[in-house]
Amino acid sequence: ILFNKPFRVLSQFTDRFAKTPRPTISDFIDHRGYRVAGRLDYDSEGLLILTKDGLLQQRITNPKNKYWKTYLVQVEGIISLDALLNLRAGVALKDGYTRPAKVKIIPVPEIWKRIPPVRYRKSVPDSWIRISIQEGRNRQIRRMTAAVGFPTLRLIRTKIGKIELNSLNPGEFCFISISQPA
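## Description of the pattern of salt bridges
A side chain with one charge can pair with a side chain of the opposite charge if their charged atoms come near.
In step 1: Summed over the entire model, instances satisfying the criterion amount to nine salt bridges.
In step 2: Close ionic contact of arginine 139 with aspartate 43 constitutes a salt bridge, the shortest N to O distance being 3.1 Å. On the criterion of sequence distance, the pair formed by arginine 139 in the loop between strand E8 (126-133) and helix H3 (140-147) and aspartate 43 in the loop between strand E2 (35-36) and strand E3 (45-51) is long-range, its members being 96 residues apart.
In step 3: Relative accessible area serves as the criterion here: at 23%, aspartate 43 is assigned to the partly exposed category.
In step 4: Each of Asp41, Asp43, Arg139 and Arg142 takes part in a single network of salt bridges with overlapping partners.

Written as structure tokens, this is what we have:
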């Protein structure tokens, strides 16, 4: 299953530990036996792959397989060439250096409006980048952009390997048949 995870939805089927339950995948998908292959943070959006195939799930999530994951990222400020070069070289985080990323400045993408919208500040511009990484550390892209001086405002995963989100709107899903994502 390809799923476009909306903003503020958990990348799991239940929220057992919250005092106030948060929306989960099960609010959108009622198909038993599927597991998420690679998570997205509660405050991130975009492509999730769900599968019943444990081997496929392992292939997608294991960093040894080095599948590229691509994201559209809105950052605070007009991102600098130095920041791009640092992201491309690998960034020092508390848990070690990241692998080099593929990163490019892009025009504002034609995407859905986020609810609630990203805060707007007249005095602080923003910019968009497309970034691809082969890792999947906890909140990695947010930590990478912050480390180079440009905090992430919005993060949307659009691609895992060759599998793309395409035209799915937030909360929509579709079934596909794959053996490998790359």
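## Some remarks on the layout of surface pockets
In step 1: Volume-wise, the largest pocket comes out at about 510 Å³.
In step 2: Looking at the largest pocket, it is lined by 29 residues, and the ones nearest its centre are Arg39, Leu40, Gly136, Arg137 and Arg157.
In step 3: If you add up the space inside the second largest pocket, you get close to 310 Å³.
In step 4: Considering the residues around the second largest pocket, the lining is formed by 19 residues, among which Gln74, Val118, Asp126, Trp128 and Arg154 are closest to the centre.

## Observations concerning the environment of proline 100
In step 1: Relative to the assigned elements, proline 100 resides in the loop between strand E6 (96-97) and strand E7 (102-106).
In step 2: Not counting residues up to four positions away in its chain, the partners in contact with proline 100 are Trp68, Leu87, Arg88, Ala89 and Gly90.

## Observations regarding the packing of aromatic side chains
In step 1: With the rule as written, the count across this model stands at three aromatic pairs.
In step 2: When the ring of phenylalanine 3 is compared with that of phenylalanine 28, the centres are 5.6 Å apart and the planes differ by 50 degrees; the resulting orientation is tilted. Here phenylalanine 3 is found in strand E1 (residues 2-5), whereas its partner phenylalanine 28 is found in the loop between E1 and E2, with 25 residues between them in sequence.
In step 3: Note on phenylalanine 173 and phenylalanine 175: the rings are 5.9 Å apart at their centroids and 80 degrees apart in plane angle, and the pair reads as edge-to-face.
In step 4: Of the residues examined, phenylalanine 173 reaches a relative accessible area of 27% and is grouped as partly exposed.
In step 5: Taking relative accessible area as the criterion, phenylalanine 175 reaches 47% and is therefore assigned partly exposed.
In step 6: Through pairs of rings, three or more aromatic residues link up here, namely Tyr34, Phe173 and Phe175.
In step 7: The ring centre of tyrosine 42 lies 5.2 Å from the NZ or CZ of arginine 22, which sits over that ring.
In step 8: In this structure, lysine 102 is placed above the aromatic ring of tryptophan 68, and the distance from its NZ or CZ to the ring centre is 4.2 Å.

Analysis parameters
Residues numbered from 1 in each chain as written. Predicted model: local features only at pLDDT ≥ 70, side-chain atom pairs only at ≥ 80, totals over all residues. Heavy atoms only, no water. Salt bridge = Lys/Arg side-chain N within 4 Å of Asp/Glu carboxyl O. Helix = DSSP H or I, 4+ residues; strand = E, 2+ residues; numbered from the N terminus. Buried < 20%, exposed > 50% of the residue type's maximum accessible area, 1.4 Å probe, protein only. 1 Å grid on protein atoms, 1.4 Å probe; cavity = no way out; pocket = protein on both sides within 12 Å on 5 of 7 lines; lining within 4 Å. Points joined across faces, edges and corners; volume = space filled by probe spheres on them. Contact = heavy atoms within 4.5 Å. Phe/Tyr/Trp six-rings, centres within 6.5 Å; stacked < 30°, edge-to-face > 60°. Lys NZ or Arg CZ within 6 Å of the ring centre and 35° of its normal.

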